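Chain by chain, the residues run as shown.
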Number of protein chains: 2
Amino acid sequence: MKYRLKIHVSLKLGHSDPEGETTARLLRELGYKVENVSVGKVYRVLLEADTTKEAERKAEEMCKRLLANPTKDDYAIVVEETK
Amino acid sequence: MKYRLKIHVSLKLGHSDPEGETTARLLRELGYKVENVSVGKVYRVLLEADTTKEAERKAEEMCKRLLANPTKDDYAIVVEETK
């Protein structure tokens, strides 16, 4: 069975986010009243697995092994069955 | 008033996504049955604006002027009032 994983990886609070800071500065230079910007990533993965539980377990593993850095990143996982 | 913008920028369908392809390959090398990976960005912006409508209009403008490339990117905007 195929599952669609949506994995959102973002910096933990308090970690410096140079891309977010640069984006905030550029938006301010364009005239927007921006207080703060943070930048995260979204991975959309099409994965073969037997059950939703297995897909969730594998998504969690993928984050720990490759997609997120446990020292500095938070991640959130959404698993959907495909039709 | 302050608004929280969540702006999701992803490549339009059919555009080559080298980061997604590399991630898919690495996940396969780790043993996951991955068919496809695409990678997008999420900007979380704290913006000062007078109304929700104005915040939405500004978010749309920011995408066109800075955050997305109209030739190759799709974007989606969610605006929330902050409490």
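What you see is a predicted model; the values in this text were computed from it and never measured.

Structural notes on the overall build of chain A
- In terms of regular secondary structure, chain A is built from two helices and three strands.
- Its helices and strands in sequence order give chain A the pattern β-α-β-α-β, from N to C terminus.
- Whereas a compact globule of 83 residues would reach a radius of gyration of roughly 12 Å, chain A reaches 16 Å, over 25% beyond that.
- Classification of the 83 residues of chain A by burial places 39% in the buried group.
- Looking at chain A alone, contacts between residues at least 24 apart form 73% of all its contacts between residues at least 6 apart.
- Total accessible area computed for chain A in this model is approximately 5,000 Å², and 50% of it derives from carbon and sulfur atoms.
- Between the mean site of the 16 positive side-chain charges and the mean site of the 15 negative ones, chain A shows a separation of 2 Å.

Section: the sheet that holds strand β3 (residues 73-81) of chain A
- Strands sit in the order β3(A)-β1(A)-β2(A)-β2(B)-β1(B)-β3(B) across an open sheet of six strands; the sheet is antiparallel. Looking along the sheet, the strands with just one partner apiece sit at the ends: β3 of chain A together with β3 (73-81) of chain B. Here the strands of the sheet are splayed against their neighbours by 20 degrees on average, with no regard to which way each runs.
- Along the sheet, helix α1 (residues 18-29) of chain A contacts β2 (34-48) of chain A together with β2 (34-48) of chain B; its crossing angle with β2(A), the most-contacted strand, is approximately 125 degrees.

Some words on the relation of the copies chain A and chain B
- Turning chain A through 180 degrees and shifting it by 0.0 Å along the axis lays it on chain B, with an RMSD of 0.0 Å. Each copy turns onto its partner about a two-fold axis. Every residue of chain A has its C-alpha some distance from the rotation axis, and the shortest such distance is that of A:K41, at 2.3 Å.
- Both copies contact each other with a shared surface, as 100% of the interface residues of chain A are interface residues in chain B too.

Description of the pairing of strand β1 (residues 2-11) of chain A
All names here are of chain A.
- Where β1 meets β2, eight bridges bridge the pair, whose relative direction is antiparallel. Bridged to H8 within β2 is V42.
- In this sheet, β3 lies alongside β1 in antiparallel orientation, the contact comprising nine bridges. Bridge pairing in β3 places K6 opposite V78.

Thoughts on the interface of chain A and chain B
- Opposite the 30 residues of chain A that make contact, chain B presents 30 residues.
- Each partner contributes to the roughly 3,000 Å² buried at the junction of chain A and chain B, and carbon and sulfur atoms together form 59% of this total.
- A salt bridge links B:E35 to A:K2; its shortest N-O distance comes to 3.1 Å.
- Taken together, chain A and chain B are joined by 18 residue pairs in polar contact (both at pLDDT 80 or more).
- Mapped by element, the contributors of at least two residues to the side of chain A that touches chain B are β1, α1, β2 and α2 (52-67) of chain A.
- Counted by class, the side of chain A that touches chain B contains 15 nonpolar, five polar and 10 charged residues.
- Across 13 bridges, the pairing between β2(A) and β2(B) is antiparallel. Bridge pairing in β2(B) links A:L47 to B:V34.

About the cut-offs
- Residues numbered from 1 in each chain as written.
- Chains lettered and ligands numbered in written order.
- Predicted model: local features only at pLDDT ≥ 70, side-chain atom pairs only at ≥ 80, totals over all residues.
- Heavy atoms only, no water.
- Helix = DSSP H or I, 4+ residues; strand = E, 2+ residues; numbered from the N terminus.
- Rg over C-alpha atoms; globule rule 2.2 N^0.38 Å.
- Buried < 20%, exposed > 50% of the residue type's maximum accessible area, 1.4 Å probe, protein only.
- Contact = heavy atoms within 4.5 Å.
- Areas by Shrake-Rupley, 256 points an atom, 1.4 Å probe, with all protein chains shown as cover.
- Lys, Arg positive; Asp, Glu negative; His and termini not counted.
- Charge placed at Lys NZ, Arg CZ, Asp CG, Glu CD.
- Pairing = 2+ DSSP bridges.
- Axes fitted to C-alpha atoms, helices over the stretch in contact; angles between N-to-C directions.
- Least-squares fit on C-alpha atoms with pLDDT ≥ 70 in both.
- Buried area = accessible area lost by both parts, 1.4 Å probe.
- Salt bridge = Lys/Arg side-chain N within 4 Å of Asp/Glu carboxyl O.
- Polar contact = N/O pair within 3.5 Å; in protein donor to acceptor, adjacent residues only side chain to side chain.
- Nonpolar A, V, L, I, M, F, W, Y, C, P; charged D, E, K, R; others polar.

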